[in-house]
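Understanding the architecture of this molecule
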Amino acid sequence: MSDTGIVIVGSGPAAVSAAESYRRAGGTSPVTIVTADSHLPYLRPPLSKDFLRGEVSASEIELHTPKWFSDLDIELICDDPVVSIDTNAQRATTRTGNTIPYLRLILATGAEPRPLAVTGGHRAFSLRSLSEAQSLREAAAAADTAVVVGAGFIGCEAAASLALSGIATTLISPDEVPQLSRLGSAVGERITAILKDAGVHYVGGVKVTAVHEETVQLDNGVSIATDMVLAATGVAPRTALATETGIRMVTDRIAVDEHMCTSTENVYAAGDVAFAVNRIAGRRIMIEHWQDAIIQGEIAGTNAAGGSQSWYAVPGFWTTIGDRTLKYAAWGDGYARARLVERETGFSVWYETNGIAVGVLTLDADDDYAEGQNRIRAGAALPL
Ligand SMILES: Cc1cc2nc3c(=O)[nH]c(=O)nc-3n(C[C@H](O)[C@H](O)[C@H](O)COP(=O)(O)OP(=O)(O)OC[C@H]3O[C@@H](n4cnc5c(N)ncnc54)[C@H](O)[C@@H]3O)c2cc1C
C-alpha cells in the first residue's frame with residue numbers, strides 16, 4: 001500500500017462499521033482493514049446459536065460480500081495480524097512484515113476467550129472466531145455428551161444449542177443460577193428454566209478442577225464423563241498493541257473519550273477493547289455487545305473523517321437461548337434493586353439505583369423494553 005490513509009485493526013463489527021462510516025462521512029483517504037482473522041468479516045452471534053446447530057453455513061453469516069468492500073474502496077488484509085504500532089512515525093507493522101503508514105488508526109481488536117485455567121484446560125474448546133466455531137461444530141457432530149463450563153450468555157446459548165442438537169449437555173457454573181451477580185436470582189431462575197426446556201442439565205455452585213481426556217472433574221468430588229468440553233469462561237480484551245505503545249488504559253481496556261479518541265493523537269479505539277465515556281451516563285461504560293460495537297465503530301469512523309460524534313446510546317443486547325430471546329438494556333455497572341413483573345407469556349425485570357432506572361431485561365415484553373430504554377436514557381424513575 002502506498003498512500004497514507006485510515007488503518008483499522010480488526011474485522012469485527014466495530015472495525016467494519018468504522019470503515020463504512022468513514023466513507024459515508026465523506027472520508028476520501030485510502031481505508032485498510034487489517035485483521036488476524038482468515039475469513040471475510042462475519043456475524044459472531046450465530047456462532048453459539050444456529051451456526052453451532054448446523055442450521056446456517058459459514059457463507060450465510062458473512063457480513064458483506066467482497067464486492068461491498070471494493071465498492072466502498074475498502075482494502076481488506078486477512079490473516080495478517082498487526083504485531084506493533086509506532087505512534088510517533090504513525091505506522092503499523094503486520095506479522096508478515098507489511099508496514100502500513102496511517103493518518104488515523106482505529107484499534108478494534110475486540111476480546112479473546114479466557115482460557116480454562118485448570119489441569120487439562122487446554123483440552124476444552126473455546127468459542128470466539130469462526131474457525132473455533134467450525135472446530136466446535138465438527139466435534140459436536142460426533143459427540144453424544146458435552147460439558148459447557150461457564151454460564152454467561154455464550155455458555156448458556158451454546159449449551160442450549162448443543163442440547164437441541166441431541167447431545168446430552170451439562171452446564172457447569174460456580175453460580176447457583178446463571179448470571180446471579182450480574183442480573184440477580186429472579187432472572188437466574190428464569191434462565192435455568194429456559195435451559196431446562198432446551199434440554200440442558202444445569203449444575204450450579206461447583207467449579208471444574210480438571211479436564212481429562214474423557215471426564216471433567218468437579219470440586220465437589222463428582223466426575224462427569226463427556227465427549228467434549230467447551231470453556232465459556234469469559235473474555236479478555238486484546239490490548240497488547242495499545243499497552244506496548246503507552247496508550248492510556250483504564251482497568252484492562254483502552255481508555256477513550258466519548259468521541260472514541262484514545263490518549264494518543266490520531267488513534268481511536270472502539271468495541272470490546274475500548275472503555276468509553278458514555279455521554280448520557282457521564283461515566284465510562286464497558287460493553288461486550290454486538291450492536292454497541294457497531295455504534296462505537298460508527299463514531300470512530302465518522303470522527304476520523306472529521307466529524308464530532310459522541311457515544312450517546314443506552315447499551316444493550318439480545319441473547320437467544322434455545323428459542324427464547326432475552327432483551328437487555330442497561331449501563332451494566334451495577335444496581336441497587338431489581339423488581340420482576342410477570343407478563344402474559346414472559347416477564348420484565350426493572351433495575352434501579354437511587355430510584356433511577358439503570359436497566360431493564362425482558363422476555364416477550366417489547367413495550368417494557370422500549371419504555372425501559374427511554375427511562376434509562378432520561379434518567380427517570382422506574383414505572384410504578
Ligand atoms: C459466540 C458468540 C456469540 C455472541 N452473541 C452475541 C449476541 O447474541 N448479542 C450480542 O450483543 N453480542 C454477542 N456476542 C458478543 C459480540 O460478538 C461482541 O461484543 C462483538 O463481536 C465485539 O466486536 P468488536 O468489533 O469489538 O470485536 P471482535 O468482534 O472480537 O473483533 C475483533 C477483531 O480483531 C481481530 N484482531 C485481534 N487482534 C488483532 C491484531 N493484532 N491485528 C489484527 N486483527 C486483530 C480479530 O481477529 C477480530 O477480527 C457474541 C460473541 C460470541 C463470541
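Just so it is clear, the structure is predicted and the values come from calculations on it, not from any experiment.

Attention shifts here to the pattern of salt bridges. Evaluation of the coordinates by the stated rule reveals 20 salt bridges. The shortest N-O distance in the salt bridge between arginine 283 and aspartate 333 comes to 2.7 Å. A residue pair is termed long-range when its members are at least 10 positions apart, and arginine 283 in strand β20 (residues 283–285) and aspartate 333 in the loop between β22 (324–330) and β23 (337–342) qualify at 50 residues. Since its relative accessible area comes to 34%, arginine 283 is described here as partly exposed.

The next subject is the sheet that holds strand β9 (residues 168–173). Read from one edge to the other, the open sheet built from four strands follows the order β10-β9-β8-β14, with strand pairing classed as parallel. Of all the strands in the sheet, just β10 (200–204) and β14 (228–231) have a single pairing partner and so form its edges. Put simply, the sheet's adjacent strands are angled 20 degrees from each other on average, direction ignored. Strand direction decides the pairing type here: strand β8 (residues 145–149) and β9, joined by five bridges, are parallel. In the sheet register, threonine 145 faces β9, and the bridge partner there is alanine 168. Where helix α6 (residues 185–198) meets the sheet, its contacts fall on β9 and β10, and the angle it forms with β10 comes to roughly 145 degrees.

Let us look at the site of the ligand. Around the ligand, the structure places 35 residues, and the nearest of them are Arg44, Lys49, Val82, Arg128 and Asp272. Side-chain polar atom of arginine 44 to an oxygen atom of the ligand: 2.8 Å apart, as the coordinates give it. Residue aspartate 272 places a main-chain N or O atom 2.8 Å away from an oxygen atom belonging to the ligand. Its free accessible area being 1000 Å², the ligand has 93% of it covered by the protein chains. For the shell around the ligand, the elements supplying multiple residues, two or more each, are α1 (13–24), α4 (153–164), α8 (290–304) and β21 (316–321). When the residues that make up the shell around the ligand are grouped by side-chain class, the tally is 18 nonpolar, nine polar and eight charged.

Moving on, we get to α4. With 12 residues, α4 ought to run about 16 Å at 1.5 Å a step, and its terminal C-alpha atoms sit 16 Å apart, in line with that. In terms of burial, α4 is largely enclosed, as 10 of its 12 residues are buried. Of all the positions in α4, only Phe153, Gly155, Cys156, Glu157, Ala158, Ala159, Ala160, Ser161, Leu162 and Ala163 are classed as buried.

What follows concerns the sheet that holds strand β11 (residues 208–211). Sheet strands pair via backbone hydrogen bonds, and the direction of the pair is either parallel or antiparallel. Spatially, β11-β12-β13 is the arrangement adopted by the three strands of the open sheet, whose pairing is antiparallel. Edge positions in the sheet fall to β11 and β13 (223–225), since each of these pairs with one other strand and no more. Sheet twist, expressed as the average angle between the axes of neighbouring strands with direction ignored, equals 20 degrees. Alignment of β11 against strand β12 (residues 215–218), held across three bridges, turns out to be antiparallel. By the bridge assignment, alanine 210 is partnered in β12 with glutamine 217.

Taking 1.5 Å per residue as the helical rise, α1 with its 12 residues ought to reach 16 Å, and the 16 Å between its terminal C-alpha atoms agrees with that figure. Burial analysis of α1 places 10 of its 12 residues in the buried class, which makes it a mostly covered element. For α1, the full list of buried residues reads Pro13, Ala14, Ala15, Val16, Ser17, Ala18, Ala19, Ser21, Tyr22 and Arg23. As for α1, its buried residues are in contact with β1 (5–9), β2 (31–34), α2 (66–71), β3 (74–77), β6 (99–107) and α8. Looking one or two residues beyond α1, the residue adopting positive phi is glycine 26, at roughly 95 degrees.

A few words now on a negative patch on the surface. Where like charges cluster on the molecular surface, the negative patch consists of Asp144, Glu213, Glu214 and Asp227. Structurally, aspartate 227 is set in the loop between β13 and β14. You can call aspartate 227 partly exposed: its relative accessible area is 47%.

This part takes up the packing of α4 against α6. Between α4 and α6, whose axes approach to 8 Å, the crossing angle comes to 20 degrees. Our classification of the angle between α4 and α6 gives roughly parallel. Note on element contacts: α6 touches α4 through Ile191, Leu195 and Ala198, opposite Phe153, Cys156, Ala160, Ala163 and Leu164. The residue makeup of the contact of α4 with α6, split by class, is eight nonpolar, no polar and no charged.

Procedures and definitions
Residues numbered from 1 in each chain as written. Predicted model: local features only at pLDDT ≥ 70, side-chain atom pairs only at ≥ 80, totals over all residues. Heavy atoms only, no water. Salt bridge = Lys/Arg side-chain N within 4 Å of Asp/Glu carboxyl O. Helix = DSSP H or I, 4+ residues; strand = E, 2+ residues; numbered from the N terminus. Buried < 20%, exposed > 50% of the residue type's maximum accessible area, 1.4 Å probe, protein only. Pairing = 2+ DSSP bridges. Axes fitted to C-alpha atoms, helices over the stretch in contact; angles between N-to-C directions. Contact = heavy atoms within 4.5 Å. Near = heavy atom within 4 Å. Polar contact = N/O pair within 3.5 Å; in protein donor to acceptor, adjacent residues only side chain to side chain. Areas by Shrake-Rupley, 256 points an atom, 1.4 Å probe, with all protein chains shown as cover. Nonpolar A, V, L, I, M, F, W, Y, C, P; charged D, E, K, R; others polar. Expected span 1.5 Å × (residues − 1). Patch = residues over 30% accessible without salt bridge, like charges linked within 9 Å, V, L, I, M, F, W, Y side chains within 5 Å. Lys, Arg positive; Asp, Glu negative; His and termini not counted. Charge placed at Lys NZ, Arg CZ, Asp CG, Glu CD. Parallel < 35°, antiparallel > 145°, perpendicular 65-115°, else oblique.

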